[in-house]
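Working through the structure, step by step
Given next are the chains, with one letter for each unit.
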Amino acid sequence: MSDVILSARDLVKHYPIRSGVVKRTVGQVKAVDGVSFDLYKGETLGIVGESGCGKSTLGRLLVQLERPTSGSLVFDGVDMTQQSGNALRRLRRDIQIVFQDPYTSLNPRKTVGDIVGEPFDIHTDVVPKGGRRRRVQELLDLVGLNPEHVNRYPHQFSGGQRQRIGIARGIALNPKVLVCDEPVSALDVSVQAQVVNLMERLQDELGLSYVFVAHDLSVVRHISDRVAVMYLGRIVEIGDEEQIYERPTHPYTQALLSAVPVPDPTLRGKREQIVLSGDVPSPANPPRACRFHTRCFKAQDVCSIEDPALDPRPDGRGAHPSACHFAEPRTIVETVHLSS
Ligand SMILES: Nc1ncnc2c1ncn2[C@@H]1O[C@H](COP(=O)(O)OP(=O)(O)OP(=O)(O)O)[C@@H](O)[C@H]1O
Ligand code: SF4
Ligand SMILES: [Mg+2]
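Parameters at a glance
Residues numbered from 1 in each chain as written. Chains lettered and ligands numbered in written order. Predicted model: local features only at pLDDT ≥ 70, side-chain atom pairs only at ≥ 80, totals over all residues. Pairing = 2+ DSSP bridges. Helix = DSSP H or I, 4+ residues; strand = E, 2+ residues; numbered from the N terminus. Contact = placed C-beta atoms within 7 Å. Axes fitted to C-alpha atoms, helices over the stretch in contact; angles between N-to-C directions. Near = placed C-beta within 6 Å. Nonpolar A, V, L, I, M, F, W, Y, C, P; charged D, E, K, R; others polar. Buried ≥ 20, exposed ≤ 12 C-beta atoms within 10 Å, placed from the backbone. Domains from an automatic or database assignment. Core = buried A, V, L, I, M, F, W, Y, C linked by C-beta atoms within 7 Å. pLDDT = per-residue confidence, 0-100.

**Regarding the sheet that holds strand 2 (residues 24–40)**
With antiparallel pairing, the four strands of this open sheet are ordered in space as 2-1-4-5. Strands at the two margins of the open sheet, each flanked by one partner only, are strand 2 and strand 5 (78–79). As paired elements, strand 1 (residues 4–19) and strand 4 (residues 70–75) share five bridges and run antiparallel to each other. Pairing of Arg9 across the sheet is with Ser72, part of strand 4. Across the sheet, helix 1 (residues 55–62) touches strand 1, strand 2 and strand 4, and the angle it forms with strand 2 is around 70°.

**Notes on the site of ligand 1**
What surrounds ligand 1 is a group of 13 residues, the closest being Tyr15, Ala31, Ser51, Ser56 and Thr57. Among the elements of the structure, strand 2 and helix 1 are those that each provide at least two residues to the shell around ligand 1. Ranked by residue count, the leading element in the shell around ligand 1 is helix 1, at three residues. Tallied by class, residues from the shell around ligand 1 come to five nonpolar, seven polar and one charged.

**Comments concerning unusual backbone geometry**
Positioned with a positive phi, Lys23 is a non-glycine residue whose angle comes to about 55°. Within the secondary structure, Lys23 sits in the loop between strand 1 and strand 2. Owing to 9 C-beta atoms within 10 Å, Lys23 belongs among the exposed residues under this scheme. Within the chain, Asp76 stands out as a residue other than glycine whose phi angle is a positive 50°. Structurally, the position occupied by Asp76 is in the loop between strand 4 and strand 5. Here Asp76 falls in the partly exposed class, since 15 other C-beta atoms lie within 10 Å of it.

**Some points on the domain arrangement of the protein chain**
Interfaces are often sized by the accessible area lost when the parts come together. Assigned domains of the protein chain: these are domain 1 (4–94 + 177–191 + 205–322) and domain 2 (105–174). The interface is formed by seven residues belonging to domain 1 together with seven residues belonging to domain 2. Looking at the side of domain 1 that touches domain 2, its residues break down into six nonpolar, no polar and one charged.

**Topic: the nonpolar core**
Core analysis: the biggest nonpolar cluster contains 83 residues, and Val211 and Val229 have the highest contact counts within it. A total of six residues in this core trace back to one element, the largest contributor, which is strand 2. Viewed by domain, this core spans two of them, domain 1 (4–94 + 177–191 + 205–322) and domain 2 (105–174), each represented by three or more residues. Sequence-distant contacts of Val211, that is, excluding residues within four places in its chain, are made with Leu39, Leu45, Ile47, Gly59, Leu62, Val177, Val179 and Cys180.

**Thoughts on the confidence of the model for the protein chain**
Low-pLDDT portions of the prediction should not be read for the details of their coordinates. Taken over all residues, the pLDDT of the protein chain has a mean of 90, while the share at 70 or more is 93%. Counting interchain partners and residues more than four positions distant, the pLDDT-below-50 stretch residues 335–340 has 22 contacts.

**Some words on the pairing of strand 3 (residues 44–48)**
When a strand is regular, its side chains alternate between the sheet's two faces. Most of strand 3 sits inside the fold, with five of its five residues counted as buried. Residues Thr44, Gly46 and Val48 of strand 3 are buried on one face, and the alternating residues Leu45 and Ile47, pointing to the opposite face, are buried as well. Looking at chain direction, strand 3 and strand 8 (residues 209–214) are connected through five bridges and run parallel. Considered in strand 8, the bridge of Ile47 is made with Val213. Strand direction decides the pairing type here: strand 3 and strand 9 (residues 226–231), joined by four bridges, are parallel. Following the sheet pairing, Gly46 is matched in strand 9 by Val227.

**A closer look at helix 1**
Across the eight residues that make up helix 1, a large majority, seven, are buried. Three or more residues of helix 1 are buried, namely Lys55, Ser56, Thr57, Leu58, Gly59, Leu61 and Leu62. The positive-phi residue at the C-terminal boundary of helix 1 is Gln64, with phi of around 60°.

**Some thoughts on the environment of Asn107**
Position of Asn107 among the secondary structure elements: in the loop between strand 6 (95–98) and helix 3 (112–117). Take Asn107: there are 12 C-beta atoms within 10 Å of it, and that puts it in the exposed class. A sequence separation of 186 residues divides Asn107 from His293, and the C-alpha atoms of the two residues are 43 Å apart.

**Some words on the environment of Arg295**
Residue position: Arg295 is located in the loop between helix 10 (251–258) and strand 11 (311–314). Of the residues examined, Arg295 has 18 C-beta atoms within 10 Å and is grouped as partly exposed. Those residues in contact with Arg295 that lie beyond four places of it in its chain are Leu276, Ser277 and Gly278.

Right under this line is the structure:
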């Protein structure tokens, strides 16, 4: 797993805040504010963080549904942010997205066949003329739906089945990368496991790389090879599954882990609870230096003066990137695995 397929460098997305009659720009929402990572062929990178930390914005940047304010995004050796027109369209084919809410992301007036086949309207050369219906039925079969239900409407399916429709649409163009923005967050726990299992099977069969966004740390652990933890538009810690769950060094990761529900009652009470003070600050006005210093239980003077870099820091068994001046490993709890 050494080949990098997608490489983000210093990705920034600021949204202007406008006010008054003439809509003057009075500030910027710093939704994504300097994110860098590599995605390797065939891996799953989980992205975790509280609501509003910029996960969905990052997802939209990765598939170029939105253009970054600055930064680069290199796919297969080409910087997508420098492309436009046909060249960009061709690149976008290889990076697709599946959205969170299967209830609102599917057009209720279109049949499943139309929804899944929609990408073929733009990329007309993907299926041979007259082969569209057959390809759509193949896709439905691939995601575990009855191919004969091609003329049904979204409301005739359950939540889990609707998410399978969204996934079928996501893989219709044979992408190499699939960005999944909370694909199971709106589903019941039992259905979540089925959809996650489907995604793992598709990854093996189709050789996909996933960026998997979620705020549920247990789901991310099950599916991810590596996990990036985001706080206020930035990655604060990134590492493989073991580094993040067994040897987290960033206080924010440790706090998130301490909040993962523990289903086994015998384990409850055995783990440390780290309660964070205050709310997440506004991304329009993030705290200076370490953005976490207003809520961090380890904060010292230097934290509001010097911005800690996302550098490899010792974790007890080696080192992995963590953006904290006082990074040190701390075992929080035997965390939850999603049963499959
Ligand atoms: N189009 C937009 N215009 C202005 N602000 C935006 C826009 N999209 C997102 N934001 C702001 O950017 C910040 C990050 O939003 P984003 O949706 O990326 O977060 P998130 O991590 O996906 O949150 P959630 O877990 O709730 O889905 C938020 O403060 C949000 O209000
Ligand atoms: S740099 Fe300081 S405020 Fe930031 S996470 Fe580390 S200890 Fe906390
Ligand atoms: Mg989101």
